[in-house]
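Summary of the model geometry
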Amino acid sequence: MTGSRVRAAKGQGGLLRNQLLDIAGRLLESGGADALTIRAVATSAGVSPPAVYLHFASKRELVHATCLRVWDSLFAELEAVSRAVPDPVTALYETCVAYIAFGLRHPSQYRLVMAGEATEASRRNEDACFRYFRDKVTACLDAGVPIESKTETARLLCAGVHGAVSLLIHQEHDAWPPDTDQYVRRAASAAVHGALLTASGATRPSMAGVTRSG
């Protein structure tokens, strides 16, 4: 419901900015990028569009800020699930689970940052995610896991988790697997096992050695 907004007291401009980002986030989640406009945010906030432009010079800047606000929470989530796990491979797996689950919870922001117009946000987050996964790979190497290249292994992990998210968020929700949690964990397991197997210099997969059940 649109209502009149009390003018912010001097020194509380940041409060309005956060309120605008709250509204922008809700619009993005409910209607996607097309629903997130300066006018729509202003109307929902009960202010005029120029009031929004005081904080965001353009729609793109508003989109960037809205996406980055959500993405900034990702790394706190990743650390929360892996910090207390002593085994670095298990910690890497839990990190991948958290990353995929995050992307599926925030499909609009994920699409914009990783495959859309938010190029500034994309560069920042792609670099941060890659460095984060490389640090986790380094912990595995330090623990004795055979890894020929930390950089290449981190790239493979990023490709695996990004692919797992992208496969679903570009489809209608009713096309998603019925058990999303199971999908997330299997995709994370495949990403970790595949990347670490490749990192050890293993040869290409074949049917040799595969046990068949009758």
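In this text, all values refer to a predicted model and were calculated from it rather than measured experimentally.

**Considerations on the pattern of salt bridges**
Taken as a whole and judged by the stated rule, the model has six salt bridges. E79 is the salt-bridge partner of K136, the closest N and O atoms lying 3.4 Å from each other. Highlighted residues: K136 in helix α7 (residues 119-142) and E79 in helix α4 (residues 59-82), separated in sequence by 57 residues. Take E79: its relative accessible area is 26%, and that puts it in the partly exposed class.

**Looking at the packing of helix α5 (residues 88-105) against helix α9 (residues 180-199)**
With their axes 9 Å apart at the nearest point, α5 and α9 run at an angle of 135° to one another. Taken together, the axes of α5 and α9 are oblique relative to one another. The chirality of how α5 crosses α9 is right-handed. Together, V89, L92, Y93, E94, C96, V97, I100, A101 and L104 of α5 and T180, Y183, V184, R185, A187, A188, S189, V192 and L196 of α9 make up the contact between the two elements. Considered class by class, the residues forming the contact of α5 with α9 number 14 nonpolar, two polar and two charged.

**Describing the nonpolar core**
V41, W71, Y99, I100, L104 and L157 are the most contacted members of the largest nonpolar core, which has 63 residues in total. Once residues within four sequence positions are removed from consideration, I100 is found in contact with V161, A164, V165, V184, A187 and A188.

Rules used throughout
Residues numbered from 1 in each chain as written. Predicted model: local features only at pLDDT ≥ 70, side-chain atom pairs only at ≥ 80, totals over all residues. Heavy atoms only, no water. Salt bridge = Lys/Arg side-chain N within 4 Å of Asp/Glu carboxyl O. Helix = DSSP H or I, 4+ residues; strand = E, 2+ residues; numbered from the N terminus. Buried < 20%, exposed > 50% of the residue type's maximum accessible area, 1.4 Å probe, protein only. Axes fitted to C-alpha atoms, helices over the stretch in contact; angles between N-to-C directions. Parallel < 35°, antiparallel > 145°, perpendicular 65-115°, else oblique. Left-handed = near helix turned anticlockwise from the far one by under 90°. Contact = heavy atoms within 4.5 Å. Nonpolar A, V, L, I, M, F, W, Y, C, P; charged D, E, K, R; others polar. Core = buried A, V, L, I, M, F, W, Y, C linked by side-chain atoms within 4.5 Å.

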